[in-house]
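One letter stands for each residue in the lines below.
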Amino acid sequence: SIGGALALSVTPVNGYVDHLEIENLRVPRVDARETLILDGKLPHWMYTALARAYAPVSCLAVYQPQMAHALVVHAHHSAHRIGDRIPYTPDISLAV
């Protein structure tokens, strides 16, 4: 947990993930009351798939290295609004 938020850092093992591999991907469960930060070197389509999978969370943000913050992309029933910045420093990654 980072400042009240959970972080999920995902990086493909081979540096590339094909859209056909998404069928085998299992994402960790996250309580809908949580704020979740997504991080990792992923194609845009995979960030979109993860955003759809985690749509029920209270707040969803994506880490933007050039901003050194996570940017809120989805929020409901949350103290955050779309476009808000959440301080975040990446650390541990989950290879897929």
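Structural data are supplied above this passage.
Residues numbered from 1 in each chain as written. Predicted model: local features only at pLDDT ≥ 70, side-chain atom pairs only at ≥ 80, totals over all residues. Heavy atoms only, no water.

Next up on the list: the overall build of the chain. Helix and strand content of the chain: 1 helix and 6 strands. Scanning the chain from its N terminus toward the C terminus, one meets helices and strands in the order β-β-α-β-β-β-β. On C-alpha atoms alone, the chain measures out to a radius of gyration of 13 Å, which is about the 12 Å that the 2.2 N^0.38 rule sets for 96 residues. By its C-alpha atoms, the chain is 35 × 25 × 20 Å across when sized along the principal axes. Buried residues in the chain amount to 29% of all 96 residues. Long-range contacts, defined here as pairs at least 24 residues apart, represent 52% of the contacts in the chain between residues at least 6 apart. Just so you have it, the chain exposes about 6300 Å², and 55% of that area is on carbon and sulfur atoms. In the chain, 7 positive and 8 negative side-chain charges are present, and the distance between their average locations comes to 6 Å. (Helix = DSSP H or I, 4+ residues; strand = E, 2+ residues; numbered from the N terminus. Rg over C-alpha atoms; globule rule 2.2 N^0.38 Å. Buried < 20%, exposed > 50% of the residue type's maximum accessible area, 1.4 Å probe, protein only. Contact = heavy atoms within 4.5 Å. Areas by Shrake-Rupley, 256 points an atom, 1.4 Å probe, with all protein chains shown as cover. Lys, Arg positive; Asp, Glu negative; His and termini not counted. Charge placed at Lys NZ, Arg CZ, Asp CG, Glu CD.)

Further remarks concern the environment of R85. In this fold, R85 is placed in strand β5 (residues 85-87). Using a relative accessible area of 53% as the deciding quantity, one classes R85 as exposed. Excluding residues that lie within four positions of it along the chain, R85 makes contacts with M67, H69, A70 and L71.

Our focus in this paragraph is the environment of L25. Residue position: L25 is located in the loop between β1 (5-11) and β2 (35-39). Residue L25 is classed as partly exposed on the basis of its relative accessible area of 24%. A C-alpha to C-alpha distance of 15 Å links L25 and N14, two positions 11 residues apart in sequence.

This paragraph deals with the side chain of S9. Along the chain, S9 falls in strand β1. Side chain to side chain, S9 and D39 meet in a polar contact 3.4 Å long. (Polar contact = N/O pair within 3.5 Å; in protein donor to acceptor, adjacent residues only side chain to side chain.)

Glancing now at helix α1 (residues 44-53). Of all the residues in α1, the buried ones are M46, Y47 and L50. One side of α1 carries all its buried residues, which in axial view fall inside an arc of 100°. Relative to its buried face, α1 has exposed residues pointing more than 90 degrees away, namely H44 and R52. On its buried face, α1 is in contact with β2 and β3 (59-64). (Arc of directions from axis to C-beta.)

Further remarks concern the side chain of D39. On the secondary structure map, D39 appears in strand β2. There is no salt bridge for the buried D39, and the closest opposite charge comes from K41, which lies 9.3 Å off by N-O distance. Not counting residues up to four positions away in its chain, the partners in contact with D39 are L8, S9, V10, Y47, Y63, Y88 and P90. (Salt bridge = Lys/Arg side-chain N within 4 Å of Asp/Glu carboxyl O.)

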